[in-house]
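# Survey of secondary and tertiary structure
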Amino acid sequence: LSSTTYTASILAPHCACLELICQVARNSCRTALSGNHTTIVEDDKLMEVGGLRARLGIAVGVRAGEKKVLQNTDEFFKQREKELDKIEYYQEIRLKDLSLVGNQGGIIFRALLVSITSD
């Protein structure tokens, strides 16, 4: 077991979990958006043209707002998903604080690695 493999194995569950969270959030947003029969552009045009009854105008405005929130949430998680490999996780920070892992992620004390992996 190499030091890089060991370090990656410590961090893998967190990265995989966060990746899954991002995917689920994005899928939920896209599913909700696909259930709409109009686009944000169409809703905005309806609002601009006017002539809608008060309640209908409010409903169209709320619907457009919900779509914008869903799109922004999807974009947020898309960006977050791209950044996952750059995140420094607690375990990595803690091991560096204890001088057990170097800045490049390699285990400094190989004797410790051997004793941990042989248990």
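Our subject is the structure listed above.
Here's what I pulled together on the structure shown here. Just so we're clear, the structure is a prediction, and the values are computed from it rather than from any experiment.

### Some details on the overall build of the protein
Each helix and strand in the protein was counted, giving five helices and zero strands. Counting helices and strands in the order they occur from the N terminus, the protein gives α-α-α-α-α. Relative to its 119 residues, the protein shows a buried fraction of 23%. For the protein, contacts bridging at least 24 residues in sequence account for 67% of all contacts bridging at least 6.

### Observations regarding the pattern of salt bridges
Considering all chains together, one arrives at six salt bridges under this definition. Of the charged contacts in the structure, one is a salt bridge between aspartate 43 and lysine 67, with a shortest N-O distance of 2.7 Å. Placement of aspartate 43 in helix H2 (residues 40–49) and of lysine 67 in helix H3 (residues 54–83) is noted, with a sequence separation of 24 residues between them. Classification of aspartate 43 as buried rests on a relative accessible area of 0%. Residues joined by salt bridges that share partners form a network here, namely Arg26, Asp74 and Glu81.

### Details of the packing of H2 against H3
Contact geometry of H2 with H3 gives a least axis separation of 9 Å together with a crossing angle of 150°. Between H2 and H3, the angle is such that the two are roughly antiparallel. Of the two elements, H2 crosses H3, and the hand of that crossing is left-handed. Across the interface between the two elements, Ile40, Asp43, Asp44, Leu46 and Met47 from H2 touch Gly57, Val60, Gly61, Arg63, Ala64, Lys67, Lys68 and Gln71 from H3.

### Some details on H3
Taking 1.5 Å per residue, 30 residues should reach 44 Å; H3 reaches 44 Å between its end C-alpha atoms and fits that length. Every buried residue of H3 is listed here: Gly57, Val60, Ala64, Lys67, Asp74 and Phe77.

Reading the values: the criteria
- Residues numbered from 1 in each chain as written.
- Predicted model: local features only at pLDDT ≥ 70, side-chain atom pairs only at ≥ 80, totals over all residues.
- Heavy atoms only, no water.
- Helix = DSSP H or I, 4+ residues; strand = E, 2+ residues; numbered from the N terminus.
- Buried < 20%, exposed > 50% of the residue type's maximum accessible area, 1.4 Å probe, protein only.
- Contact = heavy atoms within 4.5 Å.
- Salt bridge = Lys/Arg side-chain N within 4 Å of Asp/Glu carboxyl O.
- Axes fitted to C-alpha atoms, helices over the stretch in contact; angles between N-to-C directions.
- Parallel < 35°, antiparallel > 145°, perpendicular 65-115°, else oblique.
- Left-handed = near helix turned anticlockwise from the far one by under 90°.
- Expected span 1.5 Å × (residues − 1).

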